[in-house]
Each structure stands twice: as C-alpha cells, then as structure tokens.
Amino acid sequence: RDTLGADTRIIAILRNPAERAYAHYLGRRRDGLEAGDDFDAIVDRELATSLDEEIAFGSYVGCGRYHHFLRPYFELFAAANIRVYLFDQLQDDPAALMRDLFAFLGVDSHYQVDTSISRNRSGTIANPLLRSLWTGSVGMRTALRPYLPGRLRHAARPLLEQQVRK
C-alpha cells in the first residue's frame, strides 16, 4: 500500500443516492432500456429483495451503495490519494470544486473550465417522434455498438441533449 499507486489520484463525485437512482431511471427510460413507468414500484421491488453487493450496479438502489464501490480503492491506495466530492458541491460552486480538484491533481488550479454545459442529462426527449425513434432503436444501437467507433456512436447525443426535458 505504501508504494502502490503513489502517484495515482482517485476522484469520486457522489450524488444523493435517491436523486441518483431517479436520474438513472429517467436516463434508462429516455434510452428505451426501462419499460416500467412507476419508479416507486420499481424501488419497492428492489428493496423487497436482497441486493447482492457484487451485482449492486444492476439496480437503481444498489448503485447508490457507494461504500461498495469505494472500499476497494481505500483498501489499496492511501487516503491522501483519494478525493471524494458531493455532486451538490459541483452544482453549488463548480469553480471552487475545480480549483480544489486541480490542486489535488497538481495542475494549474487557476485554469478556468466552462461548466455551463450540462452533459448526459436525465429526463424525457421532448419531441415525441424523436423520442419514439430513440427508444425504439435500443436493440439496434446495442447490437451495433461493438462495430461502430465511439465518435460515430455519440454523434446523435448532442441533438438528443437539446431535446431532453425533466
């Protein structure tokens, strides 16, 4: 542990688990990956079953069990090499978070980052035709994913992000 990853820096930004779960659900609904339209019922079903820590990533509630995902890093790396932020900090004062993050990384902490652009927003695609095309193409998009370069796969994302409404 003393020499393992001495120069490694681990960064995590954690969102309120309930807000994260709902955003995850909205994103999966937006992308045609979640058929259920009652989030409360889905969460109730998840809570009624035992969530195996090893497959926590496969559930809305399980993904919010941050200790499961962070523990291995704290076991392998010195705590001084790990920085954990809260998503609220990023929302409330992104410039301060970025200054602290850059200082942690040992880079110019005065560099200004444009944090005005929101990426991968959760919500519903406002245009009904575009929403239907996007959600209905999930099978084809999944099948083609290994064969298409990332640049091409993500070409539609900016157009969709303009259409996403909470």
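Residues numbered from 1 in each chain as written. Predicted model: local features only at pLDDT ≥ 70, side-chain atom pairs only at ≥ 80, totals over all residues. Heavy atoms only, no water.

A. Inspection of the pattern of salt bridges at higher detail. All chains considered together, the criterion is met by 2 salt bridges. Residue Asp 31 pairs with Arg 30 through a salt bridge whose shortest N-O separation is 2.9 Å. Classification of Asp 31 as buried rests on a relative accessible area of 10%. Taking the relative accessible area as the measure of exposure, Arg 30 reaches 7% and is therefore buried. (Salt bridge = Lys/Arg side-chain N within 4 Å of Asp/Glu carboxyl O. Buried < 20%, exposed > 50% of the residue type's maximum accessible area, 1.4 Å probe, protein only.)

B. Representation of the pairing of strand β1 (residues 10-14) in the model. Side chains of β1 alternate between two faces, with Ile 10, Ala 12 and Leu 14 buried and Ile 11 and Ile 13 left unburied. Sheet analysis places β1 next to strand β2 (residues 82-86), joined by 5 bridges and oriented parallel. If you follow Ile 10 over to β2, its bridge partner there is Ile 82. (Helix = DSSP H or I, 4+ residues; strand = E, 2+ residues; numbered from the N terminus. Pairing = 2+ DSSP bridges.)

C. View of the packing of aromatic side chains. Considering all chains together, one arrives at 6 aromatic pairs under this definition. Between Tyr 22 and Phe 39, the aromatic rings sit 5.0 Å apart at their centres with planes inclined by 75°, giving edge-to-face as the arrangement. On the criterion of sequence distance, the pair formed by Tyr 22 in helix α1 (residues 17-30) and Phe 39 in helix α2 (residues 39-48) is long-range, its members being 17 residues apart. Taking the relative accessible area as the measure of exposure, Tyr 22 reaches 39% and is therefore partly exposed. Each member of the aromatic cluster is reached from another via a ring pair, and the members are Tyr 22, Tyr 25, Phe 39 and Tyr 60. (Phe/Tyr/Trp six-rings, centres within 6.5 Å; stacked < 30°, edge-to-face > 60°.)

D. Here's a closer look at the environment of Leu 130. On the secondary structure map, Leu 130 appears in helix α6 (residues 128-136). With relative accessibility at 28%, the residue Leu 130 sits in the partly exposed group. Sequence spacing of Leu 130 and Leu 105 is 25 residues, and the spatial spacing of their C-alpha atoms is 41 Å. Apart from residues lying up to four places away in sequence, Leu 130 is in contact with Ile 125, Leu 160 and Gln 163. (Contact = heavy atoms within 4.5 Å.)

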